[in-house]
Amino acid sequence: MSEPTKLLVQPSMSVQQVMECIDRNAKGIALVVDEELHLIGTLTDGDIRRAILSGMNLDLPVQQLLDRRQPNPIPFTAQVGTSDADLLHMMTERNIRHIPLLNETGQVVDVALLSELVKEYEPPLLRAIVMAGGYGTRLRPLTDELPKPMLPIGDRPLLEIIVNSLREAGIRQVNVATHYKGEMIAEHFKDGQDFGVDIRYVKEDQPLGTAGALSLLEESDEPLLVINGDILTRVDFHAMLNFHREHAADLTVAVRQYEFRVPYGVIDTDGVAVTGISEKPMVRQFINAGIYLLNPSIRRLIPNGQHYDIPDLVQQLLKEGRPVVCFPIREYWLDIGKSDHYDQARTDVAAGRF
């Protein structure tokens with residue numbers, strides 16, 4: 001069982017505060033209770049990310065998020081004292097990982113967690129591939145001598161930070177797709193043993209785009225995490241996998257909210273008629289964050305050994321009517337594609353902001 005107080009929040013707290021509670025307790029859930037500790041509702045990491053996708057103001061009370069859910073599900077609970085075997089059966093039957101435990105007056109007194117009920121519980125298996133073959137032309141002259149993933153961030157290369165993040169997430173098999181100066185990557189990491197993972201190299205004789213190298217991987221029944229080799233992030237890969245499975249997706253695309261202010265007044269029109277005007281509006285969009293989760297079955301759509309990009313794969317899946325979903329990254333994320341972003345990454349790491 002888990003100490004419940006770390007998971008409890010009040011309905012008047014903001015969505016942002018609840019999000020921070022979920023991050024602190026590292027259990028993926030918060031329990032919304034009244035002053036007498038009676039359960040009002042539950043919110044998961046996935047609920048918070050769906051709120052972000054909907055454009056919800058995170059400063060609003062979390063009660064508004066509960067009210068928005070249609071239908072607003074009644075949380076599944078059990079009585080305190082329920083046997084571990086029964087709790088495990090309930091979780092398996094309902095495909096859930098948490099059950100709040102209530103006393104005879106309906107107050108939350110404990111929380112059952114799948115990870116604690118099953119001591120040998122292992123997170124779902126997940127493979128990864130890092131796309132590290134690009135030329136890094138926008139970072140020249142820095143990339144004249146080094147491939148972009150090997151540029152130093154603090155006291156180690158960017159790719160080493162990525163590999164360490166994958167290892168911390170429990171991923172042990174990491175493929176690295178290489179092309180430009182790939183021998184420098186292989187010389188640094190070798191078989192990955194020194195870094196706690198099994199590294200296998202996918203060598204592109206010619207650039208195969210952002211998805212073509214996936215056709216060169218061995219077939220597997222496990223989901224595949226794909227991450228670009230120029231991404232510095234603290235994203236929760238297991239939260240992304242849970243989100244992917246919860247939405248029964250074939251492909252999940254990680255996205256990041258990006259905003260910019262238009263430096264002019266914007267005119268809304270309908271034909272020749274002016275319907276509105278906004279002075280220097282702020283525009284918010286979700287951009288591709290360069291991280292993807294793929295079901296094994298879609299590998300067959302990628303042409304073998306040919307140039308093929310992720311947008312091509314997305315369009316093909318949509319054409320076939322297969323589910324593609326987006327997963328909003330709310331953790332630290334930075335695309336190190338330009339020199340100013342590289343400088344920012346080094347500054348953030350040195351200042352402890354990463």
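Quick note: structure is the one above.
Every value quoted in this text rests on a predicted model; they were computed, and no experiment measured them.

**Describing the overall build of the chain**
A tally of helices and strands in the chain yields ten helices and 19 strands. Against the compact-globule benchmark of 20 Å for 354 residues, the chain has a radius of gyration of 23 Å, which places it among compact chains. When its C-alpha atoms are laid out on the principal axes, the chain stretches across 70 × 65 × 45 Å. The long-range fraction of contacts in the chain, counting pairs at least 24 apart against all pairs at least 6 apart in sequence, stands at 67%. Of the roughly 18,100 Å² that the chain leaves accessible, carbon and sulfur atoms contribute 49%. Here the chain holds 35 positive side-chain charges and 50 negative ones, and the gap between their average locations is 4 Å.

**Structural notes on the sheet that holds strand β6 (residues 108–113)**
In space, the three strands of this open sheet follow the order β4-β5-β6, with mixed pairing throughout. The sheet is open, and its two borders are formed by β4 (78–79) and β6, each paired with just one other strand. Relative to β6, strand β5 (residues 98–102) is paired through five bridges, and the arrangement is antiparallel. Each bridged residue has a counterpart across the sheet, and for His98 the counterpart in β6 is Leu113.

**Observations concerning the environment of Val18**
Along the polypeptide, Val18 turns up in helix α1 (residues 15–25). For Val18, a relative accessible area of 0% translates into the label buried. Spatially, the C-alpha atom of Val18 lies 41 Å from that of Tyr308, the residues being 290 residues apart in sequence. Excluding residues that lie within four positions of it along the chain, Val18 makes contacts with Val9, Ala30, Leu43, Ile48 and Val62.

**A word on the pattern of salt bridges**
The final tally for this structure, using the stated rule, is 19 salt bridges. By sharing partners, the salt bridges in this structure join Asp23, Asp45, Arg49, Arg330 and Glu331 into a single network.

**Comments concerning helix α9 (residues 310–319)**
Three or more residues of α9 are buried, namely Ile310, Leu313, Val314 and Leu317. Along α9, the residues classed as buried sweep out an arc of 100° about the axis, all on the same side. Turned more than 90 degrees from where α9 packs its buried face, Pro311, Gln315 and Lys319 sit exposed. In this structure, the buried side of α9 is in contact with β14 (251–261), β17 (282–294) and β18 (324–328). A positive phi of about 75° marks Gly321, the residue just after α9.

**A few points about the nonpolar core**
Grouped together as the largest cluster of nonpolar side chains are 48 residues, with contacts concentrated most on Leu159, Leu166, Leu225 and Ile291. Examining the composition of this core, we find that six residues originate from one element, helix α6 (residues 158–168), more than from any other. Contacts of Leu159, omitting those with residues within four sequence positions, involve Val130, Pro149, Met150, Val176, Ile185 and Phe189. With 23 residues, the next largest nonpolar core counts Ala213, Tyr292, Ile310 and Leu313 among its residues.

**Notes on the sheet that holds strand β1 (residues 8–9)**
What the three strands build is an open sheet, ordered β1-β2-β3; its pairing is mixed. Of all the strands in the sheet, just β1 and β3 (39–44) have a single pairing partner and so form its edges. In this structure, strand β2 (residues 29–33) lies alongside β3, joined through five bridges in antiparallel fashion. Directly across from Ala30, in β3, lies its bridge partner Leu43. This element, α1, spans β1, β2 and β3 of the sheet and lies at about 130° to β2.

**Some words on the packing of aromatic side chains**
The geometry of two aromatic rings is summed up by the distance between their centres and the angle between their planes. Enumeration according to the criterion identifies five aromatic pairs in this entry. The interplanar angle of 70° and the centroid separation of 5.3 Å between the aromatic rings of Phe243 and Phe327 together place this pair among those described as edge-to-face. One end of the pair, Phe243, is in helix α8 (residues 237–246); the other, Phe327, is in strand β18, and 84 residues separate them in sequence. For Phe243, a relative accessible area of 3% puts it in the buried group. Ring centres of Tyr258 and Phe260 lie 6.1 Å apart, and the angle between their planes is 40°; on these two criteria the pair is classed as tilted. The partly exposed category is assigned to Phe260, whose relative accessible area is 37%. The positively charged end of Arg234 is found above the aromatic ring belonging to Phe354, 4.1 Å away from the centroid.

**So, the pairing of strand β10 (residues 173–178)**
Among the six residues of β10, five are classified as buried, and the element is accordingly described as predominantly covered. Here strand β7 (residues 127–131) runs beside β10; their pairing, made up of four bridges, is parallel. Within the sheet, the bridge partner assigned to Val130 lies in β10 and is Val176. Alignment of β10 against strand β11 (residues 198–203), held across six bridges, turns out to be parallel. Residue pairing in the sheet places Gln173 in a bridge with Asp198 of β11. Between the parallel elements β10 and β11, the chain passes through helix α7 (residues 182–189) in a crossover that is right-handed.

The rules we used
Residues numbered from 1 in each chain as written. Predicted model: local features only at pLDDT ≥ 70, side-chain atom pairs only at ≥ 80, totals over all residues. Heavy atoms only, no water. Helix = DSSP H or I, 4+ residues; strand = E, 2+ residues; numbered from the N terminus. Rg over C-alpha atoms; globule rule 2.2 N^0.38 Å. Contact = heavy atoms within 4.5 Å. Areas by Shrake-Rupley, 256 points an atom, 1.4 Å probe, with all protein chains shown as cover. Lys, Arg positive; Asp, Glu negative; His and termini not counted. Charge placed at Lys NZ, Arg CZ, Asp CG, Glu CD. Pairing = 2+ DSSP bridges. Buried < 20%, exposed > 50% of the residue type's maximum accessible area, 1.4 Å probe, protein only. Salt bridge = Lys/Arg side-chain N within 4 Å of Asp/Glu carboxyl O. Arc of directions from axis to C-beta. Core = buried A, V, L, I, M, F, W, Y, C linked by side-chain atoms within 4.5 Å. Axes fitted to C-alpha atoms, helices over the stretch in contact; angles between N-to-C directions. Phe/Tyr/Trp six-rings, centres within 6.5 Å; stacked < 30°, edge-to-face > 60°. Lys NZ or Arg CZ within 6 Å of the ring centre and 35° of its normal. Right-handed = clockwise from strand over helix to strand, strands pointing away.

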